[in-house]
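Each chain, written out:
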Amino acid sequence: MVDNPGVMMTDDVAVAAVDAARAALLEQVGDGVVGEYLEGVTEDDGVVTHYFTCIQTGYPGWRWAVTVVHAPGQDGITVDEVVLLPGQDSILAPAWVPWRERIQPGDLGPGDLLPVDEDDPRLVPTYLTGDPGDDATLDSAERQQVKVIADELGLGRPRVLSIEGRLLAAQRWYDGDQGPDVPLAQSAPANCYSCGFLVRLSGPLATGFGVCANEFANDDARVVSLRHGCGAHSEAQLRKKQLPPPLPDPVFDTLSRGDLEDF
Ligand code: SF4
């Protein structure tokens, strides 16, 4: 007989080893959680997995899987592994998502720390500000060197916003609640650009953004797009029909106490 490596051979000994598989399973998990036999699946030549229902409370649809091996030249089988596997109807935990992908703005509480990666593309060493090509060529050792030198020379912040970090921030702010497309801005009498309550920024972001300093505005103390706006604009005027009605002419009360007593 010529072996065909592409075709799995059914092994009668391994297929028939249901009782041995159940015995191995009961030895591992006890008899209170093992239900009826379900099926045997050939995994490879001489390797079969036998499935049993799991009747453990809280595990609907789960199945015990006992993999047995019948080695060539051996009379009996060897138990390879005993595991509990979910079926189609099993209740499973949602897929795990790394915390870095789960974290949202506002999640930080007092005392929490959120360190950035050493190669976070939003930041570049201070020396390289405005040089987008250089930051890509630095490995972490070189970055550390730059940081040490910057610290020693007292140059202040070791890292600052990269161009990418700046663009990301600008786009986020522009698209957010302090951007030009929100209803508040759409119905504003004028833009923040011309508002006396706008505090100008310095640096590249100053061309598009400032800080609102009107304590009665919704966006007080927030970075606003220069194309944002609100009804608390410093030059906002009420329309004629929105003005309060004029006061009537004053009436002089000339009655005295004596006049009243004469009545
Ligand atoms: S008061 Fe309104 S218009 Fe003026 S800066 Fe603040 S948000 Fe802009």
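Anything mentioned here points back to the structure above.
Now for a quick tour of the structure. The shown structure was predicted, so the numbers you read here are calculated from the model rather than taken from an experiment.

## Regarding the overall build of the protein
A tally of helices and strands in the protein yields eight helices and nine strands. Per-residue burial over the protein gives 17% buried out of 263 residues. Partitioning the intrachain contacts of the protein with sequence separation of at least 6 by distance along the chain shows that 52% fall at a separation of at least 24.

## Observations concerning the site of the ligand
Near the ligand you find 14 residues, and of these Cys192, Cys195, Cys212, Asn214 and Cys230 are the closest. Looking at side-chain class alone, the shell around the ligand contains nine nonpolar, four polar and one charged residues.

## Focus: helix H2 (residues 18-29)
If you check H2, its first and last C-alpha atoms are 16 Å apart, about what twelve residues at 1.5 Å a residue would give, namely 16 Å. Buried residues of H2: Ala21, Ala24 and Leu25, and no others. Mapping the buried residues of H2 onto a view down its axis gives an arc of 100 degrees, with all of them on the same face. Away from the buried face of H2 by more than 90 degrees, exposed residues Asp19 and Glu27 are located. Turning to H2, the residues buried within the fold contact strand E1 (34-44), strand E2 (47-54), strand E3 (63-69) and strand E4 (78-85). Looking one or two residues beyond H2, the residue adopting positive phi is Gly30, at roughly 85 degrees.

## Looking at the nonpolar core
With 14 residues, the main nonpolar core has Ala14, Ala21, Leu25, Val66 and Val68 as its most contacted residues. Elements with a contribution of two residues or more to this core: H2, E2 and E3. For Val66, the contacting residues outside a window of four places in its chain are Ala21, Ala24, Leu25, Thr49, His50, Val79 and Val82. Ala185, Cys192, Leu198 and Phe209 belong to the second-largest nonpolar core, a separate cluster that totals eleven residues.

## What to know about the sheet that holds strand E7 (residues 198-200)
Overall, antiparallel pairing links the three strands, which are arranged E7-E8-E9 in an open sheet. Of all strands in the sheet, those with a lone pairing partner are E7 and strand E9 (223-225), marking the two edges. Ignoring strand direction, the axes of neighbouring strands in this sheet form an average angle of 50 degrees. With three bridges joining them, E7 and strand E8 (residues 209-212) adopt antiparallel strand pairing. Looking across to E8, one finds that Leu198 is bridged to Cys212.

## Some thoughts on the sheet that holds E3
Spatial ordering of the open sheet is given by E1-E2-E3-E4, a layout of four strands whose pairing is antiparallel. Strands at the two margins of the open sheet, each flanked by one partner only, are E1 and E4. Taking each pair of neighbouring strands and ignoring which way they run, the sheet shows an average axis angle of 20 degrees. H2 rests against E1, E2, E3 and E4 of the sheet, and its axis sits at about 120 degrees to E3.

## So, the pairing of E3
Where burial is concerned, most of E3 is hidden: five out of the seven residues are buried. Where E2 and E3 come together, seven bridges link them in antiparallel fashion. Pairing of Thr53 across the sheet is with Arg63, part of E3.

## Some words on the environment of Val82
Within the secondary structure layout, Val82 lies in strand E4. Here the alpha-carbon distance between Val82 and Leu25, two residues 57 residues apart in the chain, equals 6.5 Å. In this structure Val82 touches Ala24, Leu25, Gln28, Trp64 and Val66, once residues within four positions along its chain are discounted.

Definitions and cut-offs
Residues numbered from 1 in each chain as written. Predicted model: local features only at pLDDT ≥ 70, side-chain atom pairs only at ≥ 80, totals over all residues. Helix = DSSP H or I, 4+ residues; strand = E, 2+ residues; numbered from the N terminus. Buried ≥ 20, exposed ≤ 12 C-beta atoms within 10 Å, placed from the backbone. Contact = placed C-beta atoms within 7 Å. Near = placed C-beta within 6 Å. Nonpolar A, V, L, I, M, F, W, Y, C, P; charged D, E, K, R; others polar. Expected span 1.5 Å × (residues − 1). Arc of directions from axis to C-beta. Core = buried A, V, L, I, M, F, W, Y, C linked by C-beta atoms within 7 Å. Pairing = 2+ DSSP bridges. Axes fitted to C-alpha atoms, helices over the stretch in contact; angles between N-to-C directions.

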